[in-house]
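Commentary on secondary and tertiary structure
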Amino acid sequence: MFELLMPGTLMAVGPTSMIVIAVVALIIFGPKKLPQFGRAMGSTLKEFKNATKGLASDDDDDDDDDKNKKQKKIESQDAQS
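Here's what I pulled together on the structure shown here.

**Side note on the overall build of the chain**
Regarding its fold elements, the chain presents two helices and zero strands. Within the chain, the fraction of its 81 residues that count as buried is 2%. Counting every atom, the chain has about 7700 Å² of accessible surface; 64% of that belongs to carbon and sulfur.

This is the structure:
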């Protein structure tokens, strides 16, 4: 059905669409609540970014720990020989 309304695109969000979304949000939330809503969205995105960054660094730490363990095992085997 969406293809009938927008042939050749898959729900593309262009500048016109962004303006329409902003106007609708302004009408729904009002000029006083819109900055609060924007701040809340910004802080949510910031927390999400920090959480995902922590997950990625945890994976890197695990890989580093595995490499260190393997290196120590090799060194201990060389020392015993």
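**Some details on a nonpolar patch on the surface**
Taken together, the side chains of Val20, Val24, Ile28, Phe29, Phe37 and Met41 make up a nonpolar region of the molecular surface, amounting to roughly 550 Å² of accessible area. Its place among the elements puts Ile28 in helix α2 (residues 15–80). On the accessibility criterion, Ile28 (61% relative accessible area) is exposed.

**What to know about the packing of aromatic side chains**
This structure, assessed with the given rule, holds one aromatic pair. Residues Phe29 and Phe37 carry aromatic rings whose centres are separated by 4.8 Å and whose planes lie at 20 degrees to one another, so their mutual orientation is stacked. Here Phe37 falls in the partly exposed class, since its relative accessible area comes to 39%.

**Some points on the environment of Ala25**
Looking at the secondary structure, you find Ala25 in helix α2. Between the C-alpha atoms of Ala25 and Phe37, which are 12 residues apart in sequence, the distance is 9.9 Å. Ala25 has contacts with Gly30 and Leu34, leaving out every residue within four places of it along the chain.

Quick notes on the rules
Numbering of residues begins from 1 in every chain and follows the order in which that chain's sequence is written. Confidence filtering applies because this is a predicted model: local features only for residues at pLDDT of at least 70, side-chain atom pairs given and counted only at 80 or more, and all residues used for totals across whole chains, interfaces and linings. Hydrogens are left out, water is left out, and the side-chain values use all remaining heavy atoms of the structure. Put simply, DSSP H or I for four residues or longer makes a helix, DSSP E for two residues or longer makes a strand, and each gets a number counted from the N terminus. Accessible area is worked out with a 1.4 Å probe on protein chains only. A residue is then buried under 20% of its type maximum, exposed over 50%, and partly exposed in between. For every accessible area listed, the method is Shrake-Rupley and the probe measures 1.4 Å; residues are considered covered only by the protein chains on display. For patch building, the residue pool is restricted to those with more than 30% relative accessible area and no salt bridge; the joining distance is 9 Å between like charges and 5 Å between nonpolar side chains (Val, Leu, Ile, Met, Phe, Trp, Tyr). Here, a salt bridge means any side-chain nitrogen of Lys or Arg that lies within 4 Å of a carboxyl oxygen of Asp or Glu. When two rings of Phe, Tyr or Trp (its six-membered ring) have centres within 6.5 Å they constitute a pair, described as stacked for plane angles under 30 degrees, edge-to-face for angles over 60, and tilted for the intermediate range. A contact between two residues is defined here by any heavy atoms of the two lying within 4.5 Å.

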